[in-house]
Amino acid sequence: MALCLVFGASGAIGRFLVPRLLSAGHDVVAISRTPRTSAHPRLRWMTGELPDCVPELPTGASILSVGPLDRFTEWLAAGHTIGSARIVAVGSLSAVTKQDSADPAERALAARLADAERRLFDAARSSGASATLLRPTLIYGAGMDRSLTPIVRFAHRWRVFPLVPGASGLRQPVHAHDIAAACASALAANALPQAVYDLGGGERLAFAAMLERVHASLPFATLALPLPMPLLRAAAGLASRLPAFGAASAGAISRVREDLVAAADAAMRDLGWTPRAFAPRAEDWIPPPLS
């Protein structure tokens, strides 16, 4: 089997991807900012930080990036020798959905992601590599996301869970384990020189229903606190300061009645990908152990 370099190995997706690669028989070099060790004979951790503090890496390996896409592609664009490597990188559907956001910070994020996507494919073309980009919707499942997990943590601390009954916009949460599966499938698939797949979970549901299912998954009692839409809009400017909403912004709150979904048909067809419906469990809000 191939040697795989994994950037972002200690993150939400990486914690599911590394064991999957090892189970498939690959040798894995995992890059992390924090020194780590493993007893697994085919896993080696290396300490490094993108884009400028990456150690000398083995050549001839497949490369998987499941951390910040912009930092990874800055490293690629710096001219590091990757040869005809197979590259699988995870970005975000925010590159598309936040282009026209009312929030300047979200527009800047979309532009940064779009630039990163261009750097990915430019670097692949110049080196003769093939690159597959995966763009997931809202990620959950490893207790490390900045969308749903902060709400769970707020509820655990204060025993109050915010609900938004009027939030009718559709969401398509995708489990980090399923994204890892898509990465592994893309690695094994017959590679096109450039390919982009949008990834959404196996179910589309209203934002309000999504929060209700998160609430139902908690292993502790909380008081459900419905937030009327007028009150939520009035508080939009303060959203980033509220622990219950994590990294939420005024733009994010303004979209709770807008659909943010992905057409995952191509990934299902080409990669044999079958994402799960949104049925979160208590363990989905706890980071899984590292390999």
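Our structure's up above, just so we're on the same page.
The following refers to the structure shown. (Residues numbered from 1 in each chain as written. Predicted model: local features only at pLDDT ≥ 70, side-chain atom pairs only at ≥ 80, totals over all residues. Heavy atoms only, no water.)

A look at the nonpolar core
In terms of nonpolar packing, the biggest core is built from 35 residues, with Val6, Leu64, Leu134 and Cys183 touching the most fellow members. At the level of secondary structure, the elements contributing two or more residues to this core comprise β1 (3–7), α1 (14–23), β2 (27–32), β3 (43–47), β5 (86–90), α6 (176–188), β11 (194–199) and α10 (265–271). No other element matches α6, which puts 7 residues into this core. If sequence neighbours within four positions are ignored, Leu134 has contacts with Val88, Ala89, Val90, Gly91, Ser92, Ala182, Cys183, Tyr197, Leu199 and Leu271. Judged by nonpolar contacts, the second largest core, of 26 residues, contains Leu50, Leu120, Ala123 and Leu133. (Core = buried A, V, L, I, M, F, W, Y, C linked by side-chain atoms within 4.5 Å. Buried < 20%, exposed > 50% of the residue type's maximum accessible area, 1.4 Å probe, protein only. Helix = DSSP H or I, 4+ residues; strand = E, 2+ residues; numbered from the N terminus. Contact = heavy atoms within 4.5 Å.)

Description of the side chain of Asp178
Turning to its location among the elements, Asp178 is positioned in helix α6. Looking at Asp178, the relative accessible area reads 8%, which means it is buried. For Asp178, the contacting residues outside a window of four places in its chain are Trp273, Pro275 and Arg276.

Some thoughts on the packing of aromatic side chains
Considering all chains together, one arrives at 5 aromatic pairs under this definition. Summarising the aromatic geometry, the rings of Tyr140 and Trp285 are spaced 6.3 Å apart at their centres and angled 40 degrees between planes, so their arrangement reads as tilted. Of this pair, Tyr140 sits in strand β7 (residues 139–140) while Trp285 sits in the segment after α10, placing them 145 residues apart in sequence. Each member of the pair, Tyr140 as well as Trp285, is classed as buried. Linked through ring pairs, Phe7, Phe72 and Trp75 together constitute an aromatic cluster. (Phe/Tyr/Trp six-rings, centres within 6.5 Å; stacked < 30°, edge-to-face > 60°.)

Let's talk about the pattern of salt bridges
Across all of its chains, the model carries 10 salt bridges by this definition. For the salt bridge of Arg118 with Asp115, the shortest nitrogen-to-oxygen distance reads 2.2 Å. Of this pair, Arg118 and Asp115 both sit in helix α4 (residues 104–127), 3 residues apart, roughly one helical turn. Taking the relative accessible area as the measure of exposure, Asp115 reaches 33% and is therefore partly exposed. Within this structure, Glu117, Arg135 and Asp198 form a network of salt bridges that share partners. (Salt bridge = Lys/Arg side-chain N within 4 Å of Asp/Glu carboxyl O.)

Quick notes on helix α7 (residues 207–217)
Within the span of α7, buried status applies to Phe207, Ala208, Met210, Leu211, Val214 and Ser217. Residues of α7 that are buried sit in contact with α5 (149–158), β8 (160–163), β9 (170–171) and β12 (205–206).

Here we look at the sheet that holds β5
If you trace the 7 strands from one edge of the open sheet to the other, you get β3-β2-β1-β4-β5-β6-β11, paired in parallel fashion. Each of the sheet's edge strands pairs with one partner strand only, and the pair in question is β3 and β11. Neighbour-to-neighbour, the strand axes of the sheet open up by a mean angle of 15 degrees, direction not taken into account. Pairing of β1 with β2, which is carried by 5 bridges, proceeds in the parallel orientation. In the strand pairing of β2, Val6 is matched with Ala30. Along the sheet, α4 contacts β5, β6 (130–136) and β11; its crossing angle with β6, the most-contacted strand, is approximately 165 degrees. Packed onto the sheet, α6 meets β1, β4 (62–65), β5, β6 and β11 and runs at close to 160 degrees relative to β5. (Pairing = 2+ DSSP bridges. Axes fitted to C-alpha atoms, helices over the stretch in contact; angles between N-to-C directions.)

Comments concerning unusual backbone geometry
With the exception of glycine, most residues fall at negative phi, and the peptide bonds are largely trans. Between Leu50 and Pro51 the backbone carries a cis peptide bond, its omega angle lying at 0 degrees. Its location among the elements puts Pro51 in the loop between β3 and β4. Not every positive phi belongs to a glycine, and Arg159 is a case in point at roughly 60 degrees. Looking at the element boundaries, Arg159 is found in the loop between α5 and β8. Residue classification places Arg159 among the partly exposed residues on the basis of a relative accessible area of 37%.

Here's the deal with the side chain of Thr137
Position of Thr137 among the secondary structure elements: in the loop between β6 and β7. Side-chain polar atoms of Thr137 contact the backbone oxygen of Gln172, separated by 2.6 Å. Discounting residues that sit within four places of it in the chain, Thr137 has contacts with Leu93, Gln172, Pro173, Val174, Leu199, Gly200, Gly201, Val261 and Ala262. (Polar contact = N/O pair within 3.5 Å; in protein donor to acceptor, adjacent residues only side chain to side chain.)

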